[in-house]
There are 2 protein chains.
Amino acid sequence: MTLELMKSLIKAAKGETRCDLVLKNAHVVDVFSGKLLKTDVGIRKGYIVGLGDYKGNHELDLTGKFISPSLIDAHVHIESTLSTCKEFSRVSCPHGVTTVIADPHEIANVMGIEGIQYMIDSSRNLPVDFHFMLSSCVPATNKETSGARIDASALNALYIHHCVLGLAEVMDIDAVKDCDEDMLKKLLNARNRGLTIDGHGAGLTPEEINIYRTAGITTDHECVKKEEAQDRLSKGMYVLIREGTVAKDFDALIGLVTKDNLRRFAFCTDDIHISDILEKGSIDHMVRKAVEYGLDPVDAIRMGSLNSAECYHLKEVGAVAPGYKADLVILDDLRTFAINSVLKQGKTVYSENALKFDFNGYTDPPFRNSVRMRHLEHGSFTIDLRGTDWINVIRILKNSLVTEHVSLHIAQQNEFSADLNEDLVKIAVVERHRETGGITTAIVNGFRLKRGAVATTISHDSHNIVVIGTNDYDMVNACNKLQQIGGGIVIAAEGKILYELPLEIAGLMSNAPAEEIVKRLGNLHEIARTVFTDLDFNPFLTLSFLTLPVIPELKITDKGLYSTLVNDFINVGHDNRIP
Amino acid sequence: MTLELMKSLIKAAKGETRCDLVLKNAHVVDVFSGKLLKTDVGIRKGYIVGLGDYKGNHELDLTGKFISPSLIDAHVHIESTLSTCKEFSRVSCPHGVTTVIADPHEIANVMGIEGIQYMIDSSRNLPVDFHFMLSSCVPATNKETSGARIDASALNALYIHHCVLGLAEVMDIDAVKDCDEDMLKKLLNARNRGLTIDGHGAGLTPEEINIYRTAGITTDHECVKKEEAQDRLSKGMYVLIREGTVAKDFDALIGLVTKDNLRRFAFCTDDIHISDILEKGSIDHMVRKAVEYGLDPVDAIRMGSLNSAECYHLKEVGAVAPGYKADLVILDDLRTFAINSVLKQGKTVYSENALKFDFNGYTDPPFRNSVRMRHLEHGSFTIDLRGTDWINVIRILKNSLVTEHVSLHIAQQNEFSADLNEDLVKIAVVERHRETGGITTAIVNGFRLKRGAVATTISHDSHNIVVIGTNDYDMVNACNKLQQIGGGIVIAAEGKILYELPLEIAGLMSNAPAEEIVKRLGNLHEIARTVFTDLDFNPFLTLSFLTLPVIPELKITDKGLYSTLVNDFINVGHDNRIP
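Remember, it's a predicted structure, so these values are computed and weren't measured experimentally.

K.L.:
For this particular structure, what's the right way to read the interface of chain A and chain B?
P.N.:
The parts lose accessible area when they come together, and the size of an interface is often stated as this lost area. Listed per partner, the contact involves 65 residues of chain A and 65 residues of chain B. Both faces considered, chain A and chain B share a buried interface measuring about 5500 Å² in area, 53% of it formed by carbon and sulfur atoms. Run the count over chain A and chain B and you get 12 salt bridges. Linking B:E310 and A:R264 is a salt bridge whose minimum nitrogen-to-oxygen distance equals 2.9 Å. Viewed at the interface, chain B and chain A are joined by 42 residue pairs in polar contact (both at pLDDT 80 or more). For the side of chain A that touches chain B, a count of residues per class yields 29 nonpolar, 16 polar and 20 charged.

K.L.:
Would you explain helix α4 (residues 113-122) of chain A in this entry?
P.N.:
Think of an α-helix as 3.6 residues a turn; residues three or four steps apart then line up on the same face. For α4(A), the set of buried residues is A:G115, A:I116, A:Y118, A:M119 and A:I120. Contacts from the buried residues of α4(A) go to α2 (85-92), α3 (105-111), β10 (129-134), α5 (152-156) and β11 (164-170) of chain A.

K.L.:
Could you clarify how one ought to interpret the environment of B:A321 in this entry?
P.N.:
One can find B:A321 in the loop between α14 (306-311) and β16 (328-333). What makes B:A321 buried here is its relative accessible area of 0%. Sequence spacing of B:A321 and B:K559 is 238 residues, and the spatial spacing of their C-alpha atoms is 53 Å. Not counting chain neighbours up to four residues away, the residues in contact with B:A321 comprise A:S234, A:K235, A:G236, B:F32 and B:I48.

K.L.:
Teacher, can you tell me more about the sheet that holds strand β28 (residues 554-557) of chain A here?
P.N.:
Either a parallel or an antiparallel arrangement is found when strands of a sheet pair, and the pairing is made through backbone hydrogen bonds. All names here are of chain A. Reading across the sheet, the three strands line up as β28-β29-β30 and stay open at both edges, with antiparallel pairing between neighbours. Of all the strands in the sheet, the pair left with one neighbour each is β28 and β30 (568-570). Each neighbouring strand pair of the sheet contributes to a mean axis angle of 40 degrees, computed without reference to strand direction. Here β28 pairs with strand β29 (residues 560-563) via four bridges, running antiparallel.

K.L.:
Would you mind going over the pattern of salt bridges with me for this structure?
P.N.:
Following the criterion strictly, the structure yields 78 salt bridges over all chains and no others. For the salt bridge of B:E181 with A:K7, the shortest nitrogen-to-oxygen distance reads 2.5 Å. Of this pair, B:E181 sits in helix α7 (residues 181-191) while A:K7 sits in helix α1 (residues 3-13), each in a different chain. Residue A:D129 is joined to A:K344 by a salt bridge in which the shortest nitrogen-to-oxygen separation is 3.2 Å. Residue A:D129 is found in strand β10, and its partner A:K344 is found in strand β17 (residues 338-344); the two are separated by 215 residues along the sequence.

Parameters at a glance
- Residues numbered from 1 in each chain as written.
- Chains lettered and ligands numbered in written order.
- Predicted model: local features only at pLDDT ≥ 70, side-chain atom pairs only at ≥ 80, totals over all residues.
- Heavy atoms only, no water.
- Contact = heavy atoms within 4.5 Å.
- Buried area = accessible area lost by both parts, 1.4 Å probe.
- Salt bridge = Lys/Arg side-chain N within 4 Å of Asp/Glu carboxyl O.
- Polar contact = N/O pair within 3.5 Å; in protein donor to acceptor, adjacent residues only side chain to side chain.
- Nonpolar A, V, L, I, M, F, W, Y, C, P; charged D, E, K, R; others polar.
- Buried < 20%, exposed > 50% of the residue type's maximum accessible area, 1.4 Å probe, protein only.
- Helix = DSSP H or I, 4+ residues; strand = E, 2+ residues; numbered from the N terminus.
- Pairing = 2+ DSSP bridges.
- Axes fitted to C-alpha atoms, helices over the stretch in contact; angles between N-to-C directions.

Such coordinate-based values are descriptive only and should not be taken to indicate function.
What follows is the structure, encoded as structure tokens:
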């Protein structure tokens, strides 16, 4: 804040000059006291300068309405929406989300520091405040080949940006446990600045949470059970309850929230498709769910605003009070969080079902040629089963990041072929950053794929190509198409490309308008219906997470088939002594 | 934290190396969830490394006991205890207070930056973590002469110290209102660093609180009524409930605390005599009072620990959890907060009713010659009443910083003489920093002084000499004695010095051991009983606050008699049109 701005605000606060805008006669959500206030709100130059009687150049009668602080998404990967910051903000505004804490982990794993810098640069001057946590695990683990490697010193240079709030999700628990020096330096660079460090405590035991907290890690958005959340809570972590497109933990965790522990819970989406935001919303949707569950509406709003602000030391958002930015949601109804309009720093950015912010034209997308791999030939995806009749299979669980590691007995065969009756198809990961030629092929159960192949460059966290298929030919074809279009999602069958959804920015994000992305996604899902038996889950997101070796139980990377049960790579075929 | 320390902690957290100490079988106060946990606590190199099963080089069976985080005093002026940081920490430890947020406002007003630096330097290597807020108002106002002037740029240089957490109580509301550039720079230097700014909202209206908050001020410890506290709370301030030696706001405010707003309340002492800490304790006393009032013991402890830590962004104190310092209070009983022992960073500093920390020998006190004034002669304290028979009188209120401004009709006289029947005696302030010769004499009611004079160099905030007396001779005598001894408290009567309590450090603090100070204070009070009719209040502290022109209603400084009702200086004699 500048001296001139503060002067201007103080003059308005004391009534010496008029406010720009006064919101009159509404009930204000008082997140500090947990109740409603009947008071007017004076706004000047984007800030609330007072609750009480003010005169404004513009005055808005909000009789019967409610004023909530706008909402904060405590942890989100913008890349997972498939859209740019601009498009993300365009779809978030109408849902009252005007602050996000983003982790550019995906693009960092593909493009490195340049990727993070692009996210920061492209997030400016939008009606959403984008804050960034610095991606701590690039590569995410040593179990895969990523597009970049970011060490502590490179990351440290990024703290010059005001929008950087700390260190992003620390998922490499082994690096922490083993006191890997570079990891410890990353932790200390954040800790010694007094900044927040996000955790990634998926499946971690209470003993491992001790280690996490000892390292200074202060949040976890990976709790899927109440007992896990309670343990993290008691050990000093904020629990970020997540409701994304695939991972939906709200129902499992909300019952843990009480008046006594409410302050340490916040809401996040983590990974969410832009279509979900458009259709259901994001944090607003969670606030509504919380009220439906039985929480006091003000408490639900606190979890979506003040609590996140406190967790990340944001002192000017998350409340309707003087000294705070006028980032506000005007509600027709409190209990249903029925959004009438949204203000960002005192300017209406959404009202009467329409955006009021001028989103400028489109810019050229960067990172168009991020898919670097050798052209694949037939025979790339052979699984040799000679000498064994047991196989390790990845069994997917719908709407979960977790998989099951199952061991099946099969009829003897030289090499594996898809068995559609048993719902066993091939899955492969193809390295696409450095042309290493690295390919792993394994077997997956649960997709109910009935024909062709589906391939994508979105595969957490290194974003190599992941492909599933009933036959090798379509798998090869789909992968080669991805290389040609610079990444995205491709469906192939019977030797043809049925659909391609280009994600030209690093193979992760589209530069197209959100509605266009949604339309393409709609088309993609239409075509998907012709290759999957039953689509009661999102096969693309599910596929994208099968490559994440930090999450149980059996995952696949370009380096092999990885079991978190034995913490090692294993073979597809086995002699029934493992797992 | 260093890399080596973090490595060492992580190794202990994962059980690879033994803990230094394991506290076994106690109930741990979980300030995050608001409940008790049955778990062991592993401690290594001063930090908690885990809750759960740990092996330690030393293991302590605490069956039947409770482990609370040690307590935090959210706002205290060490100088008001009359003792040094060392002695303060020596008496605080046994009460479980091992973190304080101190404002060196008093010594800053006498000695300037040098005074603040002395406080920082003398607070190191003690079993209490002293954090400092930078005194924002030196001088406190333009209504008095202080010993120093500290501008924004001088203050800014002090942020290099890790122990500096923000800007201390902003009491000069006029400077904020009037957009005084130096004040705004002080505010911005803290605000733009994301640091906390303490307020001083004594008597401020809701409109003025809007201004305060707009300026970025985030705490208030001057609430004396529930309505005030509610207003501050709703506008985003932390309310620091104060229970000091004079100002006792606990009873008035505690009824406002609910499960919904608890997180925004903390405890502080502000100004407390060392004898009170020794006898009753400080924050521990407030925790006890809160439980007696009916609060859940864990909630009471939260107000005395986690809440303050959150308010001041202290991430390693205020909870019993891994990643936190092992600053712990072991309790024999939770409800009565019966302290068994106290640990500071894992070392026992108090147990079995004895201190276990080696407080080294005494150092030479600085600032011995801070009383700089001309030798006073008889006639210094004349009040001319010719032509008027109405007088403005300061009426003191026992155990309150607030005074009443009363107007009395008196028999005609040329100059005022004390009227002991009506309890009207003289009060004077003598400038003592720059030999300006500035003296103001006025009339005070309520002390029930029956003979002699009482003078002190402790007079908030500029710490000129303040003296009351039934006769001029003893008043002059007492003031001259103060000059001779370098400041302190003096009682004189019938031409003799009855008692002198030297406060040789800047006229504010004694270098003596706490017990010695208490003994001297005891003697002082014994002698005081011979000059006051009735001592059901502390006349010295009360006297010290009569010079504080930021607090209602009528106060006295070296520049004149100041009324907050008219916001101006007024005469003692008046013609009944004022006030």
